[in-house]
Amino acid sequence: MALKLFNTLSRSIQEFMPLDPAGKKAGMYCCGPTVYDFAHIGNWRTFVFGDLVRRTLEFKGYAVTHVMNITDVEDKIIKRVQENKTSLREFTGQYEAAFLEDLKTLNCLLPHHTPHATDHIADIIALIEKLIARGIAYKAADGSVYFSIEKYRGCGCNYGQLLKLNFDEMRAGERVKSDEYAKESVADFALWKARVPEDGDVFWKSESLGEGRPGWHIECSAMSMKVLGESFDLHLGGEDLIFPHHEDEIAQSEGATGKPFVKHWLHGAHLLVEGKKMSKSLGNFFTLRDLLAKGFTGREIRYALLTAHYRETFNFTLDGLHGARTALARIDECLGKLREAAGAPNSDSARTVGVQSRDVQDCSGDTLKRELQHAETVLGAPNDLVARFTAVLDDDLNISAAWAAVFEWVRETNRRLAENSLGATGAASALAAWEKVDSVLGIGTKSGADVPAEILALAEARTAAKKAKDFKCADAIRDKLKAKGWVIEDTSKGPKLKKI
Ligand code: AMP
Ligand code: ZN
């Protein structure tokens, strides 16, 4: 079945059809972080949504090229660099490193390309020169270069493709220099900002444009076209980027090339915290790190961020995170039992699951096929899971229906495990189905990495004490673990840690 996605450009749900004539390759560009601070949980909702789109496309068999830029020069960054009396690179470098670390914590796949604006100044200048040559951009008295909306529209181009604009209410001839503005202030926007004293030493020299720095919008046009070509398949971001950022990206790119820029525009709705817009003054502002410090894991946070449909406003709450923990425990328990039934090692620290059982792994060719066919007749559910999951995902990434399919499968699998009707091959087949589904969800299995290092060290010390027959010490460590919220159980496969 074909994947259907809501396209902001047509304001309708459309079948995804890549530009690649063979229908195999897909190029996607996600507007990346502005590296002036740690990314907050709202930003992470959008980046996890981008990861879901990428994983879905790969699940559907496309060879995806995923690009995410790093905005490492723009208004807010320059202000902070001056306030902190540091250099641009030093300042942005620390937040970029934190961003990439957080991306891993949330199990987001690393984009194939992460271009930096400051590494593409020559491309940006070349693009602006092209717009000047076409008469769509002009140098103003302050030395900055602006995009002329009037000239662009005069060429028969459409400004306002993503957002309907009322040009009768526009104040012709006005200009806006800052990177962010509201649609009420539609105006010629800056492509190249002439050097001013407040920029400190953040400027580049251009023979044609003079000393200055790029505007935010032109950065994304230059970097996306550089990596993906003048026309590409998908462009993503949060809904706040629709105007002016993405509207201006279309104008700059189509103004320069005369070709359609992007086929499918996807926008994620915003995240609220406890029903309110996040703000530091309300005390409801969380970075990913704030939540990790509260004891939640990246996996729990990813799950929570993936519960609501991407076009619905998501109300993020700490209660919701506790709910995520419970929901994941249900999945983990079922997977643990399946691994045991399949004869695979049931280790809590195992990262991946799948057709790992000896009886299936040792099989080859016809035998394997026969085993799996047998498993399918024994257990319809695993195959139902993949089919149902695919069908709802195809429907504009209906993630809540996808989770419903997962939990129905968990219920059904638990029932069959309880009545012992699954067998080793049935269990292995169920695990293989889960692995397919999880290639999209990306929640994996409970990982040893989720157990804090301090707790792991205590558990190891207890094992050592037991080996040395110092049971008093071992009991004391067990009590210490309990006080820290962990129980340790001795099983036939060794000690197992569980959160209370
Ligand atoms: P920024 O680093 O500010 O450029 O933002 C990075 C991404 O986060 C952009 O795609 C924004 O649209 C998105 N974003 C910002 N605030 C929120 C929010 N509260 N909820 C969801 N996405 C957001
Ligand atoms: Zn962008």
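As a further point, take the overall build of the protein. Along its length, the protein carries 17 helices and 15 strands. The burial tally for the protein puts 50% of its 500 residues in the buried class. In the protein, the proportion of contacts linking residues at least 24 apart, taken out of those at least 6 apart, comes to 74%. Accessible surface, the protein: about 22700 Å² in total, of which carbon and sulfur atoms supply 51%.

Take the sheet that holds strand S3 (residues 25–30) next. In space, the four strands of this open sheet follow the order S4-S3-S10-S11, with parallel pairing throughout. Strands with a single pairing partner mark the edges of an open sheet, and in this sheet they are strand S4 (63–68) and strand S11 (262–268). Between one strand axis and the next, the sheet turns through 20° on average, direction left out of account. As paired elements, S3 and S4 share six bridges and run parallel to each other. Bridged to Gly27 within S4 is Thr65. Strands in contact with helix H1 (residues 41–59) are S3, S4, strand S10 (232–238) and S11; relative to S10, the strand with the most contacts, it is inclined by about 155°.

Now for the nonpolar core. Formed by 75 residues in total, the largest nonpolar core has its most connected members in Ile41, Trp44, Phe316, Leu338 and Trp403. If sequence neighbours within four positions are ignored, Trp44 has contacts with Ala39, Phe99, Asp102, Leu103, Leu106, Leu288 and Leu305. Of all hydrophobic cores here, the second largest spans 55 residues; its members include Cys31, Ala117, Leu127 and Cys220.

This part is about the pattern of salt bridges. Proximity of charged atoms lets side chains of opposite charge pair with each other. Counted under the stated rule, the structure contains 29 salt bridges. The residue Asp199 makes a salt bridge to Arg213 at a minimum N-O spacing of 3.4 Å. With Asp199 in the loop between strand S8 (188–194) and strand S9 (212–214) and Arg213 in strand S9, the pair connects residues that are 14 residues apart, well separated along the chain.

Close to ligand 1 lie 14 residues; Thr34, Gly42, Thr46, Asp240 and Leu271 are nearest. Asn43 is positioned with one of its side-chain polar atoms (N or O) 3.0 Å from an oxygen atom of ligand 1. Here ligand 1, which alone exposes 490 Å², has 87% of that area covered by the protein. When contributions to the shell around ligand 1 are tallied by element, the ones reaching two or more residues are H1 and S10. Residue composition of the shell around ligand 1, grouped by class: four nonpolar, nine polar and one charged.

The subject of this paragraph is the environment of Leu456. Along the polypeptide, Leu456 turns up in helix H16 (residues 453–467). Along the primary structure Leu456 and Leu497 are separated by 41 residues, whereas in three dimensions their C-alpha atoms are 8.5 Å apart.

Turning our attention to the coordination of the zinc ion (ligand 2). Here the zinc ion (ligand 2) is held by Cys31 (SG), Cys220 (SG) and His245 (NE2), and the distances to it run 2.1 to 2.2 Å. For the zinc ion (ligand 2), the single-chain donor residues occur in sequence as C-x188-C-x24-H. Separated by 214 residues along the polypeptide, Cys31 in the loop between S3 and H1 and His245 in helix H7 (residues 242–257) bring together distant segments of the chain. The class for Cys31 is buried, based on a relative accessible area of 8%.

For any two helices packed against each other, the geometry is given by the interaxial angle and the distance between the axes. Contact pair helix H9 (residues 298–305) / helix H10 (residues 318–342): the axes reach a minimum separation of 9 Å and the direction vectors enclose 105°. By the criterion of interaxial angle, the relationship of H9 to H10 is roughly perpendicular. Two secondary-structure elements touch here, H9 through Arg299, Glu300, Ile301, Tyr303 and Ala304 and H10 through Leu321, Ala324, Arg325, Ala327, Leu328 and Asp332. When the residues that make up the contact of H9 with H10 are grouped by side-chain class, the tally is seven nonpolar, no polar and four charged.

Right, let's get into the packing of H1 against H9. In the contact formed by H1 and H9, the axes pass within 10 Å of each other and the chain directions differ by 80°. In terms of orientation, H1 lies roughly perpendicular with respect to H9. Contact residues: Ile41, Trp44, Arg45, Val48, Asp51 and Arg55 in H1; Ile301, Arg302 and Leu305 in H9. Along the lines of polarity and charge, the residues of the contact of H1 with H9 split into five nonpolar, no polar and four charged.

In a regular helix each residue adds 1.5 Å, so 19 residues correspond to 27 Å; helix H15 (residues 423–441) covers 26 Å between its end C-alpha atoms and thus fits that length. One or two positions beyond H15, positive phi appears at Gly442, with a value near 70°.

Among the seven residues in S8, seven count as buried, and that is most of the element. Alignment of strand S6 (residues 145–147) against S8, held across three bridges, turns out to be antiparallel. Bridge pairing in S8 links Val145 to Trp192. Where strand S7 (residues 175–176) lies against S8, two bridges are found, and the strand directions are parallel. Looking at the pairing, Arg175 lines up with Asp188 of S8. Judged from the three bridges that link them, S8 and S9 form a sheet pairing that is antiparallel. What sits directly across from Lys193, in S9, is Arg213.

Across its 13 residues, helix H17 (residues 471–483) extends 18 Å between first and last C-alpha, which sits within 8% of the 18 Å expected from 1.5 Å per residue. Listed in full, the buried residues belonging to H17 are Ala474, Ile477 and Leu481. Summarising the axial view, the buried residues of H17 lie within an arc of 60°, below the 170-degree limit, and thus occupy one face. Facing away from the buried side of H17, by more than 90 degrees, are the exposed residues Lys472, Lys482 and Ala483. Backbone geometry just downstream of H17 places Gly485 in the positive-phi region, at approximately 95°.

The subject of this paragraph is the confidence of the model for the protein. Per-residue confidence for the protein gives a mean pLDDT of 89, with 89% of residues at or over 70. The low-confidence segment residues 345–365, where pLDDT is below 50, has 45 contacts with residues more than four positions distant or belonging to other chains. Here residues 374–382 scores under 50 on pLDDT; set against residues more than four positions off or in separate chains, the count is 19 contacts.

Below, the discussion takes up the side chain of Asp438. Turning to its location among the elements, Asp438 is positioned in helix H15. Buried charged residue Asp438 carries no salt bridge. Nearest counter-charge: Arg55, at 6.4 Å. Reaching out from Asp438, the side chain makes a polar contact with the backbone nitrogen of Ile443 at a distance of 2.8 Å. In terms of polar contacts, Asp438 uses its side chain to reach the backbone amide nitrogen of Gly444, at 2.8 Å.

About the thresholds
Residues numbered from 1 in each chain as written. Chains lettered and ligands numbered in written order. Predicted model: local features only at pLDDT ≥ 70, side-chain atom pairs only at ≥ 80, totals over all residues. Heavy atoms only, no water. Helix = DSSP H or I, 4+ residues; strand = E, 2+ residues; numbered from the N terminus. Buried < 20%, exposed > 50% of the residue type's maximum accessible area, 1.4 Å probe, protein only. Contact = heavy atoms within 4.5 Å. Areas by Shrake-Rupley, 256 points an atom, 1.4 Å probe, with all protein chains shown as cover. Pairing = 2+ DSSP bridges. Axes fitted to C-alpha atoms, helices over the stretch in contact; angles between N-to-C directions. Core = buried A, V, L, I, M, F, W, Y, C linked by side-chain atoms within 4.5 Å. Salt bridge = Lys/Arg side-chain N within 4 Å of Asp/Glu carboxyl O. Near = heavy atom within 4 Å. Polar contact = N/O pair within 3.5 Å; in protein donor to acceptor, adjacent residues only side chain to side chain. Nonpolar A, V, L, I, M, F, W, Y, C, P; charged D, E, K, R; others polar. Donors = N, O, S within 2.8 Å, 3.2 Å for Na, K, Ca; no water. Parallel < 35°, antiparallel > 145°, perpendicular 65-115°, else oblique. Expected span 1.5 Å × (residues − 1). Arc of directions from axis to C-beta. pLDDT = per-residue confidence, 0-100. Lys, Arg positive; Asp, Glu negative; His and termini not counted.

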